[in-house]
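# A closer look at the structure
Chain residues, written in single-letter form:
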Amino acid sequence: MKKSNLFRLTTLALMSLSFLSCKQDPNRNLKSADSINEGKSILIESNVQKKEWEKFQITLDSTINANDIRIAEFKLKAKQGKKEIDSTTRYHINVLEEKNQIIKSKLNTFTNKTTKDWNNFKTEINQDLKDFEFSIKQFDTDK
């Protein structure tokens, strides 16, 4: 009996010693809270970007469609009373169609990976739209 009690006591002492020797990182809870908060902020940011993207996409789709209509109107006006559109007018219309197609393809191929990508994309698209509007005004004044 003495051996079994001694064995139990030794086992208990070793287990107690092993528990006491384990240090607990006092910052562990803070670190995990920080990582949780960081994960939440990334999730919130991505949801905001997703909503912003959806809004931007709808607006850009309607702008592209409006541009298509404007181009069709230019073609119709240029063709009225004539059998064929002159080369300068055809060139300007082709430039407008190409610019509108580039904007459309950028919209369809964009993949939102980071905030920086998203901001660069918005800037680039807005510049393309300004260029398109400038081309429209230039075409109107050339006529």
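Each remark here, short or long, concerns the structure printed above.
A brief structural summary.

How each quantity is defined
- Residues numbered from 1 in each chain as written.
- Predicted model: local features only at pLDDT ≥ 70, side-chain atom pairs only at ≥ 80, totals over all residues.
- Heavy atoms only, no water.
- Helix = DSSP H or I, 4+ residues; strand = E, 2+ residues; numbered from the N terminus.
- Buried < 20%, exposed > 50% of the residue type's maximum accessible area, 1.4 Å probe, protein only.
- Contact = heavy atoms within 4.5 Å.
- Salt bridge = Lys/Arg side-chain N within 4 Å of Asp/Glu carboxyl O.
- Phe/Tyr/Trp six-rings, centres within 6.5 Å; stacked < 30°, edge-to-face > 60°.
- Expected span 1.5 Å × (residues − 1).
- Polar contact = N/O pair within 3.5 Å; in protein donor to acceptor, adjacent residues only side chain to side chain.
- Core = buried A, V, L, I, M, F, W, Y, C linked by side-chain atoms within 4.5 Å.

To continue, consider the overall build of the protein chain. On a plain count of helices and strands, the protein chain comes out with four helices and zero strands. Each helix and strand of the protein chain, placed in order from N terminus to C terminus, yields the pattern α-α-α-α. Within the protein chain, the proportion of its 143 residues that are buried is 20%. Considering only intrachain contacts with a sequence separation of at least 6, the fraction spanning at least 24 residues in the protein chain is 74%.

Quick look at the pattern of salt bridges now. One pass over the full model with this rule turns up six salt bridges. Between glutamate 52 and lysine 122 there is a salt bridge, with the nearest N and O atoms lying 2.7 Å from each other. Here glutamate 52, found in helix α2 (residues 28–79), pairs with lysine 122, found in helix α4 (residues 115–142); they are 70 residues apart in sequence, far enough to count as distant. On the accessibility criterion, glutamate 52 (32% relative accessible area) is partly exposed. On the basis of relative accessibility, which here comes to 18%, the residue lysine 122 falls in the buried class. A salt bridge links lysine 104 to aspartate 68, with the shortest nitrogen-to-oxygen separation between them at 3.6 Å.

With that settled, the discussion passes to the packing of aromatic side chains. Enumeration according to the criterion identifies eight aromatic pairs in this entry. Between the aromatic rings of tryptophan 118 and phenylalanine 121, the centroid separation amounts to 6.2 Å while the plane-to-plane angle is 25°, which identifies the pairing as stacked. Pair noted here: tryptophan 118 and phenylalanine 121 are both in helix α4, with a separation of three residues, about one helical turn. Assessed through its relative accessible area of 1%, tryptophan 118 is described here as buried. Counting every residue linked through ring pairs, the aromatic cluster contains Trp53, Phe56, Phe110, Trp118 and Phe121.

Moving on to helix α3 (residues 87–109). The terminal C-alpha atoms of α3, which comprises 23 residues, lie 32 Å apart, in line with the 33 Å expected from a rise of 1.5 Å per residue. By the burial criterion, the buried members of α3 are Thr89, His92, Ile93, Leu96, Asn100, Ile103 and Leu107. Taking the backbone nitrogen of threonine 88 as reference, a side-chain oxygen 3.2 Å away marks aspartate 86 as the first, capping residue of α3.

What follows covers the side chain of threonine 89. Relative to the helices and strands, threonine 89 resides in helix α3. Every residue in contact with threonine 89, bar those within four places of it in the chain, is listed here: Ala78 and Phe139.

Right, let's talk about the environment of lysine 104 for a bit. When you line up the elements, lysine 104 lands in helix α3. When the C-alpha atoms of lysine 104 and asparagine 65 are compared, they prove to be 9.6 Å apart, with 39 residues separating the residues in sequence. Residue contacts for lysine 104: discarding those within four places in its chain leaves Ile64 and Asp68.

Counting residues in each nonpolar core, the largest one holds 18 residues, and the members touching the most others are Leu60, Leu96, Ile103, Phe121 and Ile125. Elements that contribute at least two residues to this core include exactly α2, α3 and α4. In terms of residue count, the dominant contributor to this core is α4 (seven residues). Contacts of leucine 96, omitting those with residues within four sequence positions, involve Ile71, Phe74, Phe132, Ser135, Ile136 and Phe139.

Functional significance is not addressed by these values, which are geometric in nature.
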